[in-house]
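Architecture at a glance
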Amino acid sequence: MTAAERAATTRITAARTTTDRDTAGPSAVLSAEGSAEPSAEPSAAPVLTAADLIADPGAHRVLTGDRPTGPLHLGHYFGTLQNRVRLQDQGVEMFVLVADYQVITDRDLADRLAEHTENLVLDYLAAGLDPERATIFAHSAVPALNQLLLPFLSLVSVAELSRNPTVKDEIAHSSQAAVNGLMFTYPVHQAADILFCKADLVPVGQDQLPHLEVARTVARRFNERYPHADGSAVFPRPRALISEAPMLLGTDCGKMSKSRGNAVALGADEDETARIIRGARTDADRRITYDPTGRPGVSGLLLLAALCQDRAPETIAEEIGDGGAAVLKRIVIESVNEYFRPLRVRRAELATDRGHLRQVLRAGAERANAIADTTLAEVREVMGAI
């Protein structure tokens, strides 16, 4: 962990927010809060630390991903993308899901879906994900994955879905006039996302540990009801991989979101980056200090500069001193543009060949389909299906 990340992890608890639902860190598409049978499950999924993972990275399979609803931003990079690349480089088997079907859980239309899907892959590759080592695929391209939803739904009651707190929260923030069936059942669909490839690890933050319980409950109930002839389990019960990635606030001090215009997109140019950061909310105190609770705007900018410079935010604050918000924003702009310049160059080069992006998705879908077909065949066999 870098100096900036260590400082952020220990000091920004009061100021932490998630990014928008579309990625919310490495486990965004996996959010499925609440245990169906609390008495039979632990209060939180068993966890694996980064140190544990390093001991045998090749023994693990991770499933993570995002909804293609718009461009990824700096919060996504420091909260999820950077960590995915690290896991990949350590030798962990990575499955990265472009959750296109989930776009229509909380909206009536999947606007510009093909474009957003390709741009998501573009951001992945620019950030360092390697399609030779990470399987990148779209939800809709893997029919067997989605077919697992039916037997999985038979393991969860309507009452359990109704009281699921994540479903309630998503319904409350939905842009739809009425709640559709996909919204109601999406935690179980997300369990299928995890279990189709028999992922055993899901990267999450400490506060997201309850989100794995639906997948763990579905796996446990399926294994109990439909074991192999020798009594062995079909599905692993996935564990949480604790992420200590810092959470960045938006420039309005609110939740960083694709739709709120309060974030710098990975693909933004240097002038656009400067414009957005200059408009960030700060406060009237000219003395710059790192105080996430009392000064979230100033502290968020300091944290961003610190992450880009691999330094502690307090150190940068001390150097700015009485320079005020103008100096702070200038340093942040310079830091962001310098740090992301290589990524943006790679992104611009990759953007000239959209066919390559589509080929990455086709290759990923081919591999994901082979695995999903095998898993579905296994499920049909233990269930006694013809």
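All values reported here derive from a predicted model rather than from experimental measurement.

At Lys198, a residue that is not glycine, the phi angle is positive and equals roughly 55°. Looking at the element boundaries, Lys198 is found in the loop between helix H9 (181–195) and strand S5 (201–204). Residue classification places Lys198 among the partly exposed positions, given a relative accessible area of 27%. Its identity is not glycine, yet Asp310 carries a phi of approximately 55°, on the positive side.

The next thing to look at is the pairing of strand S4 (residues 134–138). The side chains of a regular strand alternate between the sheet's two faces. For S4, the buried fraction is high: 5 of the 5 residues fall into the buried class. Burial along S4 is two-sided: Ala134, Ile136 and Ala138 facing one way and Thr135 and Phe137 facing the other are all buried. By the bridge criterion, 5 bridges tie strand S3 (residues 93–98) to S4 in an arrangement that is parallel. Within the sheet, the bridge partner assigned to Leu97 lies in S4 and is Phe137.

In the predicted model, the protein carries a mean pLDDT of 84, and 81% of its residues have values of at least 70. Residue range residues 7–20 is modelled with pLDDT below 50. Its contacts to residues more than four positions away, or to other chains, number 42 contacts. Contacts for the low-pLDDT stretch residues 24–43, under 50 throughout, to residues beyond four places or in other chains number 77 contacts.

Counting 62 residues, the largest nonpolar core has Tyr124, Ile136, Leu302 and Phe340 as the members making the most contacts within it. By residue number, the principal contributor to this core is helix H12 (residues 296–309), which donates 9 residues. If near-sequence neighbours (up to four positions away) are discounted, Tyr124 is found in contact with Gly65, Asp66, Leu72, Leu81, Arg84, Val96, Leu97, Val98, Leu129 and Ile136. Judged by nonpolar contacts, the second largest core, of 40 residues, contains Phe95, Leu161, Ala219 and Ala368.

Bringing the packing of helix H4 (residues 113–127) against helix H14 (residues 324–350) into the picture now. To describe two helices that pack against each other, one gives the angle between their axes and the distance between the axes. Packing of H4 against H14 leaves a shortest axis separation of 8 Å and a crossing angle of 135°. Relative to H14, H4 is oriented oblique. Here H4 runs over H14; the crossing is right-handed. Listed contacts from H14 to Asn119, Leu122, Asp123, Leu125, Ala126 and Ala127 of H4 are Leu343, Arg346, Arg347 and Leu350.

One side chain can pair with another of opposite charge once the charged atoms of both are near each other. The full count for this structure, using the stated rule, is 19 salt bridges. The shortest N-O distance in the salt bridge between Arg347 and Asp123 comes to 2.6 Å. With Arg347 in helix H14 and Asp123 in helix H4, this residue pair connects regions lying 224 residues apart in the sequence. A relative accessible area of 1% places Asp123 in the buried class. Ionic contacts of the salt-bridge type, sharing partners, join the residues Arg61, Glu93 and Arg367 into one network.

Thresholds applied
- Residues numbered from 1 in each chain as written.
- Predicted model: local features only at pLDDT ≥ 70, side-chain atom pairs only at ≥ 80, totals over all residues.
- Heavy atoms only, no water.
- Helix = DSSP H or I, 4+ residues; strand = E, 2+ residues; numbered from the N terminus.
- Buried < 20%, exposed > 50% of the residue type's maximum accessible area, 1.4 Å probe, protein only.
- Pairing = 2+ DSSP bridges.
- pLDDT = per-residue confidence, 0-100.
- Contact = heavy atoms within 4.5 Å.
- Core = buried A, V, L, I, M, F, W, Y, C linked by side-chain atoms within 4.5 Å.
- Axes fitted to C-alpha atoms, helices over the stretch in contact; angles between N-to-C directions.
- Parallel < 35°, antiparallel > 145°, perpendicular 65-115°, else oblique.
- Left-handed = near helix turned anticlockwise from the far one by under 90°.
- Salt bridge = Lys/Arg side-chain N within 4 Å of Asp/Glu carboxyl O.

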